[in-house]
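Each chain, letter by letter, is given below.
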Amino acid sequence: MSVELSHYLLVGAILFSIGLYVALAKRNAVGILMGIELMFNAVNLTLIAFARFVSPPTDVSGHVFVVFVITVAAAEAALALALAMVVYRNRETIDIDKINLMRW
Amino acid sequence: MEDVGSIVAFWMLSVIAVAAALMVVAARNLIHAVLFLILSFIGVAGLYLTLSADFVAVTQILIYAGAISVLILFAILLTPRAARDNAETFLQVPGLVVAALVAVTMGAIVLVTDWNEATRGAFPETAEAIGEALLDKYVLPFEIASVVLLAAMVGAIVLVRED
């Protein structure tokens, strides 16, 4: 038995689902950001798996896509954490249950 | 991918990545959750190596395990009076249902679809090819990415600046 494309895709699907649960269910805003980073990782793993197994070996488009995704993820993390700092400065908490100013 | 080393490496790294991600959910201390998140990032970097993506693996360790994790730790340490218990909201059960449904759907798609797999050769070196692609075929997205990073940096500084 050897390691095939579907093995990598299943690992990516499991990681994505765990990240989705963390992003949906955690109460701390930084915890939600951690879930989003896990989802980014799962998508990157899937892209690299397709680049290895489906596209021809000389084509590195999948790798370039992953580099761009990592770039955007870094920008997103910096901005999200800056927003968390601003919310903490104004409300003394980053608990999303208590940040309900815009709730109906 | 027929040799035993690749198979053992794949299973060990997959177990590390998935178990560490599960510990991010289960850890009751937010700092511990970040440390398990770093371990998951490193496991995924190892999986990149088994897929012959050497440049992406190094980038993953530098940016995810290095920069973003330190950023997250800073954000936790700079919010000292916020809750550190890594608890769930009232949306825990709906979130669990949605995540399980997504996992089942994607798993079924992976297993049912007949992926059009190409022949794959030995492990090629990718850094040189990625560098050429970034400055030739993908030069416009490359420049836009640098503008995005600059805008994010300026935005983050403006947001957290004391007036």
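Predicted model, so just to flag it, every value in this text is computed and none were measured.

This part is about the interface of chain A and chain B. With 69 residues of chain A at the interface, the matching set in chain B holds 89 residues. Between chain A and chain B, a total of about 7100 Å² is buried, with carbon and sulfur atoms accounting for 75% of that surface. Taken together, the links from chain A to chain B amount to 3 salt bridges. Put simply, E92(A) and R81(B) hold a salt bridge, and the shortest N to O gap is 2.7 Å. Summed over the shared surface of chain A and chain B, the number is 14 residue pairs in polar contact (both at pLDDT 80 or more). Mapped by element, the contributors of at least two residues to the side of chain A that touches chain B are α1 (5-25), α2 (29-53) and α3 (61-91) of chain A. Broken down by element, the side of chain A that touches chain B gets its largest block of residues, 21 residues, from α3(A). A per-class count over the side of chain A that touches chain B returns 49 nonpolar, 11 polar and 9 charged.

For the structure shown, the criterion picks out 1 cavity of 30 Å³ or more. Considering the residues around the largest cavity, the lining is formed by R27(A), N28(A), T93(A), I94(A), D95(A), A82(B), A83(B), D85(B), N86(B) and A87(B). Of the residues assigned to the lining of the largest cavity, the class counts are 4 nonpolar, 3 polar and 3 charged.

What follows is about the confidence of the model for chain B. A low pLDDT score tells you not to read the predicted coordinates there in detail. Per-residue confidence for chain B gives a mean pLDDT of 90; residues scoring 70 or more make up 97%. Overall fold confidence (pTM) sits at 0.91, and the ipTM for the predicted complex is 0.91.

For A145(B), the location among the structural elements is in helix α6 (residues 139-160). The residues touching A145(B), leaving out its near neighbours within four places in the chain, are F68(A) and T71(A).

On to a negative patch on the surface, then. Residues and elements named next belong to chain B. Where like charges cluster on the molecular surface, the negative patch consists of E125, E128, E132 and D136. Residue position: D136 is located in the loop between α5 (127-135) and α6. For D136, a relative accessible area of 61% puts it in the exposed group.

As a further point, take the pattern of salt bridges. Per the stated rule, a full pass over the model turns up 6 salt bridges over all chains. A salt bridge links K26(A) to E88(B), with the shortest nitrogen-to-oxygen separation between them at 2.8 Å. Highlighted residues: K26(A) in the loop between α1 and α2 and E88(B) in the loop between α3 (54-77) and α4 (92-112), drawn from two different chains. Residue E88(B) is classed as buried on the basis of its relative accessible area of 15%. Of the charged contacts, one joins R27(A) and D95(A) as a salt bridge, the two residues approaching to 3.0 Å between their closest N and O atoms. Separated by 68 residues along the polypeptide, R27(A) in the loop between α1 and α2 and D95(A) in the segment after α3 bring together distant segments of the chain. Residue class for D95(A) comes out buried when judged on its relative accessible area of 7%. The network of salt bridges with shared partners includes R27(A), D95(A), K98(A) and D85(B).

Reading the values: rules and limits
Residues numbered from 1 in each chain as written. Chains lettered and ligands numbered in written order. Predicted model: local features only at pLDDT ≥ 70, side-chain atom pairs only at ≥ 80, totals over all residues. Heavy atoms only, no water. Contact = heavy atoms within 4.5 Å. Buried area = accessible area lost by both parts, 1.4 Å probe. Salt bridge = Lys/Arg side-chain N within 4 Å of Asp/Glu carboxyl O. Polar contact = N/O pair within 3.5 Å; in protein donor to acceptor, adjacent residues only side chain to side chain. Helix = DSSP H or I, 4+ residues; strand = E, 2+ residues; numbered from the N terminus. Nonpolar A, V, L, I, M, F, W, Y, C, P; charged D, E, K, R; others polar. 1 Å grid on protein atoms, 1.4 Å probe; cavity = no way out; pocket = protein on both sides within 12 Å on 5 of 7 lines; lining within 4 Å. Points joined across faces, edges and corners; volume = space filled by probe spheres on them. pLDDT = per-residue confidence, 0-100. Patch = residues over 30% accessible without salt bridge, like charges linked within 9 Å, V, L, I, M, F, W, Y side chains within 5 Å. Areas by Shrake-Rupley, 256 points an atom, 1.4 Å probe, with all protein chains shown as cover. Lys, Arg positive; Asp, Glu negative; His and termini not counted. Charge placed at Lys NZ, Arg CZ, Asp CG, Glu CD. Buried < 20%, exposed > 50% of the residue type's maximum accessible area, 1.4 Å probe, protein only.

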